[in-house]
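Structural overview for review
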Amino acid sequence: MTSNLTDLLTEEMKRTLLALLVIAFSVAYAATISAESAFTNWFLQNGGRLSNIEVAQFPNMGRGFKAARNINEDDEILYIPHKLIFSTKNLVQSVDERTRKVLETLGSDGALYAWLLLEKNDPKSFYKPYLDILPTYVSSLVYFNSNELHELHSGQLMEEAIEMQTSALADYEAFLKAYAQIMKERGTPVSAETTIPYGEYLWAMSMFNSRGLRFQGPVYMAPMADIFNYQHHPVPRPPNNGDFFSKHHKLNDQGITIHADRPHRLDPTNAQVFEDYGDNSDEIYFKYHGFVPDENPFRCAVLGADKVVGELLVNTPSNAYTGAQGEGLLRGATLPHRELFGHLEFN
């Protein structure tokens, strides 16, 4: 009897736990939908345009866009006015002159990180509906500890990660001084308890790195544009310095317009509208975007030219050709085998 009672209680506890999990999930999902609705309303009320697409949730991918009707390649599907974008241009127009002068001492990207944090810590921020839907964390090399870095099994990547972390810490220290000066001038001096922690600074940096659009250098964090999920374009193309990306992302004095980079036909099994992020290697996605695509036509293999030349040229010592001479021979020798090697980089 005691055993049966124990079994009964165990099953009852399982059902109760399951019910609590369902309730918690429902509350979280309702909050997500509410935040998305508030964000979409804010976006549209301030001049943004969604053309034949709408925000939706997708299994294993989270937030993305689904088609509202058939879309042709090059159709305009999204427009973001400048007033909604975190950019150097908009920073100048959105903060007071004293704050702007302090932020400018941090450099262009550092000023944007700082501006994002100022807005995030302002409950009355104009950007609050957008800030409320941003992720709390994006995987980045700046977060990796020494054990995780060693698991990369890449000396070059480890060096780059350590350089990123060292630079980020130095930038954070400069930010703290600027932030203290800004808040003092605003009449709310910063204390050890009220300053912005290092983790928050890394969050702001990772938001721009993972979600920002770059047009020949300057970065633009454009609300709604960062909701597109990645899928490489179905038609193969050679790398061309980002021309494909530029063709479908237009920047002008009014804002940013995004055009469909492929046709999309309404289909219950193919509801999501993707975009190609450009001619990027896996390293770029891993270092800055927080993911590595399952398929990437611009996946690169980093090879030691002197070693590979020795394998390819029969009876030729592996150290006979190095540097530019070896690279030239390697490119010539592997040209007929590009399907095997893909895009090559040389160390």
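In case you missed it, the structure is sitting above this.
Definitions and cut-offs
- Residues numbered from 1 in each chain as written.
- Predicted model: local features only at pLDDT ≥ 70, side-chain atom pairs only at ≥ 80, totals over all residues.
- Heavy atoms only, no water.
- Helix = DSSP H or I, 4+ residues; strand = E, 2+ residues; numbered from the N terminus.
- Contact = heavy atoms within 4.5 Å.
- Areas by Shrake-Rupley, 256 points an atom, 1.4 Å probe, with all protein chains shown as cover.
- Pairing = 2+ DSSP bridges.
- Axes fitted to C-alpha atoms, helices over the stretch in contact; angles between N-to-C directions.
- Parallel < 35°, antiparallel > 145°, perpendicular 65-115°, else oblique.
- Left-handed = near helix turned anticlockwise from the far one by under 90°.
- Nonpolar A, V, L, I, M, F, W, Y, C, P; charged D, E, K, R; others polar.
- Expected span 1.5 Å × (residues − 1).
- Phe/Tyr/Trp six-rings, centres within 6.5 Å; stacked < 30°, edge-to-face > 60°.
- Buried < 20%, exposed > 50% of the residue type's maximum accessible area, 1.4 Å probe, protein only.
- Lys NZ or Arg CZ within 6 Å of the ring centre and 35° of its normal.
- 1 Å grid on protein atoms, 1.4 Å probe; cavity = no way out; pocket = protein on both sides within 12 Å on 5 of 7 lines; lining within 4 Å.
- Points joined across faces, edges and corners; volume = space filled by probe spheres on them.
- Salt bridge = Lys/Arg side-chain N within 4 Å of Asp/Glu carboxyl O.

Looking only at helices and strands, the protein features 13 helices and ten strands. Here the analysis covers contacts within the protein between residues at least 6 apart in sequence; of these, 68% occur between residues at least 24 apart. If you sum the accessible surface of the protein, you get close to 19700 Å²; carbon and sulfur atoms cover 54% of it.

Taking strand neighbours across the sheet as the criterion, the four strands line up as S1-S4-S8-S7 in an open arrangement whose pairing is antiparallel. Edge positions in the open sheet fall to strand S1 (49-50) and strand S7 (249-251), since each of these has one partner strand only. For strand S4 (residues 76-81) and strand S8 (residues 255-259), the ladder comprises five bridges, and the chain directions are antiparallel. Within S8, the residue paired with Pro 81 across the bridge is Gly 255.

A few words on the pairing of strand S3 (residues 62-67). Sheet topology note: the strand S2 (residues 53-58)/S3 ladder contains six bridges and is antiparallel. Bridging across to S3, Ala 56 finds its partner in Gly 64. Counted along the chain from S2 to the antiparallel partner S3, the turn is three residues long, and its residue Asn 60 has a positive phi close to 65°.

This brings us to the packing of helix H4 (residues 107-120) against helix H7 (residues 155-185). Two elements in contact, H4 and H7, have axes separated by 11 Å at closest approach and are oriented at 45°. Between H4 and H7, the angle falls in the class oblique. Between H4 and H7 lies a crossing whose hand is right-handed. Within the contact between the two elements, H4 uses Ala 114, Leu 117 and Leu 118 and H7 uses Phe 175, Tyr 179, Ile 182 and Met 183. Considering only residue class, the contact of H4 with H7 consists of seven nonpolar, no polar and no charged.

With 14 residues, H4 should reach 20 Å at 1.5 Å per residue; the first-to-last C-alpha distance of 20 Å fits that figure. Buried residues along H4 sit in contact with helix H2 (88-94), helix H3 (97-104), helix H5 (128-131), H7, helix H8 (198-211) and strand S6 (219-220).

Let's shift gears to the packing of aromatic side chains. On inspection of all chains with the given rule, the structure shows 28 aromatic pairs. When the ring of Phe 215 is compared with that of Tyr 220, the centres are 5.6 Å apart and the planes differ by 85°; the resulting orientation is edge-to-face. Residue Tyr 220 is classed as buried on the basis of its relative accessible area of 13%. Ring centres of Tyr 277 and Phe 291 lie 6.3 Å apart, and the angle between their planes is 80°; on these two criteria the pair is classed as edge-to-face. Residue Tyr 277 is found in the loop between S8 and helix H10 (282-289), and its partner Phe 291 is found in the loop between H10 and strand S9 (300-303); the two are separated by 14 residues along the sequence. Lying over the aromatic face of Trp 203, Lys 120 brings its terminal NZ or CZ to 5.0 Å of the ring centre.

To continue, consider unusual backbone geometry. For His 153, which is not glycine, the phi torsion reads 55° and is therefore positive. Following the sequence through the fold, His 153 ends up in the loop between helix H6 (146-150) and H7. For His 153, a relative accessible area of 73% puts it in the exposed group.

One way to put it is that H3 packs onto H4 with a least axis distance of 8 Å and a crossing angle of 130°. The orientation of H3 with respect to H4, classified from their angle, is oblique. Contacts between H3 and H4 involve Thr 99, Leu 103 and Glu 104 from the former and Gly 107, Ala 111, Ala 114, Trp 115 and Leu 118 from the latter. In the contact of H3 with H4, the residues fall into five nonpolar, two polar and one charged.

One pass over the full model with this rule turns up two cavities of 30 Å³ or more. Of the voids in this model, the largest cavity is the one considered here, and its volume is about 80 Å³. In this structure, the largest cavity is lined by 14 residues; those nearest its centre are Ala 260, Asp 261, Arg 262, Val 273 and Phe 274. Taken together, the residues of the lining of the largest cavity sort by class into seven nonpolar, four polar and three charged. The space that makes up the second largest cavity amounts to roughly 30 Å³. What lines the second largest cavity is His 233, Val 235, Pro 236, Arg 237, Asp 276, Pro 297 and Phe 298. Of the residues in the lining of the second largest cavity, the class split is four nonpolar, one polar and two charged.

Considering all chains together, one arrives at 16 salt bridges under this definition. Between Glu 36 and Arg 63 there is a salt bridge; the shortest N-O distance is 2.8 Å. Of this pair, Glu 36 sits in helix H1 (residues 2-45) while Arg 63 sits in strand S3, and the two are 27 residues apart along the sequence. The exposure class assigned to Arg 63 is partly exposed, which follows from its relative accessible area of 22%. Its salt-bridge partner being Asp 109, residue Arg 214 comes within 3.0 Å of it at the nearest N-O pair.

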